[in-house]
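Next come the chains, spelled out residue by residue.
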Amino acid sequence: MSTITTKDGTEIYYKDWGTGRVVTFSHGWPLNADAWDGQMLFLVQHGYRVVAHDRRGHGRSSQPSTGNDMNGYADDLAAVIEALDLREATLVGHSTGGGEVARYIGRHGTKRVARAVLVSAVPPLMLKTAANPEGLPIEVFDTLRSGLFKDRSQFYKDLALQFYGANRPGAKVSQGILDQFRLWSMQAGLLNAYESIKAFSETDFTEDLLRFDVPTLLMHGEDDQIVPVKDSARKSARLIKGAKEIYYPGAPHGMTATLQDQVNADLLAFLKS
């Protein structure tokens, strides 16, 4: 397998396809790099080099008991970028991966970055606090942890319905899309997936977003049941100078799958702009 080893000895799996300008992909919780295949193959066919890794504890990467937080995730992304000597890259992140991209820029700057794309992303802060009263209460995330611990296989099967909006009247989501969510999710270590809930829900990315100094695109579904758009992309857009926004009426959290063609076209247009 294609892997790099981080400073703390964690093996990070990555895939590296094509040639040309570089686009990296950071996946959502609790999936792996395969969740980006529909975008990656499309961009390879349009002359880009695409790189995606499995977050520590997920997919084919090793399952350490440390570093399961946004600083660890961002540093792993940096390790992949530096090991492959990627330059002038566009960093794309979905959901938790959007937080990973934000924290990467916050910690490592943009010397290797040309553009950024946040898709259905968790920044600036999911958790309800005194400073973020529109956020989700801690009980929401405690329920996720409880369900994950008690019966993670059934938990992931149920979560897929919300993730892709299959619980909405008239939704047309294939059983294959739902099945692949559970398959990918079950590859994540229980400890790693459990600790990642705290990472994506309680991390405040406000200062990271203020450090963005490259062209940035925000893409978000207006019917996102996992990361509500009003408390994520719409707020992030006010923190990132000059951010471009695209909102998709009725689209779910997992719109990279349910609206693959539209998302791909919009992503390509941004890369060419």
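Anything mentioned here points back to the structure above.
All figures in this text were calculated on a predicted structure; none of them were measured in a lab. (Residues numbered from 1 in each chain as written. Predicted model: local features only at pLDDT ≥ 70, side-chain atom pairs only at ≥ 80, totals over all residues. Heavy atoms only, no water.)

### Points about the overall build of the protein
Then step 1. Along the backbone of the protein there are 10 helices and 8 strands.
Then step 2. Computed over its C-alpha atoms, the radius of gyration of the protein comes to 17 Å, within 12% of the 19 Å expected for a compact globule of 273 residues.
Then step 3. If you line up the protein on its principal axes, its C-alpha atoms span 40 × 40 × 40 Å.
Then step 4. Relative to its full complement of 273 residues, the protein shows a buried share of 56%. (Helix = DSSP H or I, 4+ residues; strand = E, 2+ residues; numbered from the N terminus. Rg over C-alpha atoms; globule rule 2.2 N^0.38 Å. Buried < 20%, exposed > 50% of the residue type's maximum accessible area, 1.4 Å probe, protein only.)

### Thoughts on the sheet that holds strand E7 (residues 216–221)
Then step 1. The 8 strands lie next to each other as E1-E2-E4-E3-E5-E6-E7-E8, forming an open sheet whose pairing is mixed. Each edge of the sheet is formed by a strand with only one pairing partner; in this case those strands are strand E1 (3–5) and strand E8 (244–248). Within the sheet, the average angular offset between the axes of one strand and its neighbour, ignoring direction, is 20°.
Then step 2. As defined by bridge partners, strand E2 (residues 11–17) adjoins strand E4 (residues 48–53) across 4 bridges and the pair is classed as antiparallel. Within the sheet, the bridge partner assigned to Lys15 lies in E4 and is Ala52.
Then step 3. Lying over the sheet, helix H1 (residues 37–45) contacts E2, strand E3 (21–26) and E4, oriented at roughly 160° with respect to E4.
Then step 4. Strands in contact with helix H10 (residues 260–272) are E3, E4, strand E5 (89–94), strand E6 (113–119), E7 and E8; relative to E7, the strand with the most contacts, it is inclined by about 170°. (Pairing = 2+ DSSP bridges. Axes fitted to C-alpha atoms, helices over the stretch in contact; angles between N-to-C directions. Contact = heavy atoms within 4.5 Å.)

### Structural notes on empty space enclosed by the protein
Then step 1. In the structure shown here, the tally under the stated rule is 1 cavity of 30 Å³ or more.
Then step 2. The calculated volume of the largest cavity comes to roughly 40 Å³.
Then step 3. Along its surface, the largest cavity is lined by Leu118, Ala121, Pro123, Leu218, His220, Ser232, Ala233 and Ser236.
Then step 4. Secondary-structure elements contributing two or more residues to the lining of the largest cavity are E7 and helix H8 (233–239).
Then step 5. For the lining of the largest cavity, a count of residues per class yields 5 nonpolar, 3 polar and no charged. (1 Å grid on protein atoms, 1.4 Å probe; cavity = no way out; pocket = protein on both sides within 12 Å on 5 of 7 lines; lining within 4 Å. Points joined across faces, edges and corners; volume = space filled by probe spheres on them. Nonpolar A, V, L, I, M, F, W, Y, C, P; charged D, E, K, R; others polar.)

### Quick look at the pairing of E2
Then step 1. Bridge count for E1 against E2 is 3 bridges, and the pairing is antiparallel. Note that in E2 the partner of Ile4 across the bridge is Ile12.
Then step 2. Where E1 hands over to E2, the hairpin turn is made up of 5 residues, of which Gly9 adopts a positive phi near 90°.

### Comments concerning unusual backbone geometry
Then step 1. The peptide bond linking Trp29 to Pro30 adopts the cis configuration, its omega dihedral lying at -5°.
Then step 2. Its location among the elements puts Pro30 in the loop between E3 and H1.
Then step 3. The peptide bond linking Pro123 to Pro124 adopts the cis configuration, its omega dihedral lying at 5°.
Then step 4. One non-glycine residue with positive phi stands out, namely Glu88, at about 55°.

### Considering the pattern of salt bridges
Then step 1. Evaluation of the coordinates by the stated rule reveals 18 salt bridges.
Then step 2. Across the pair Asp34 and Lys15 runs a salt bridge whose closest N-O atoms are separated by 2.6 Å. With Asp34 in the loop between E3 and H1 and Lys15 in strand E2, this residue pair connects regions lying 19 residues apart in the sequence.
Then step 3. Classification of Asp34 as buried rests on a relative accessible area of 17%.
Then step 4. Where Lys235 meets Asp231, a salt bridge forms, and the shortest distance between an N and an O atom there is 2.5 Å.
Then step 5. By relative accessible area, Lys235 is classed as buried at 15%.
Then step 6. Connected via shared salt-bridge partners are Lys15, Asp34, Asp37, Asp54 and Arg60. (Salt bridge = Lys/Arg side-chain N within 4 Å of Asp/Glu carboxyl O.)

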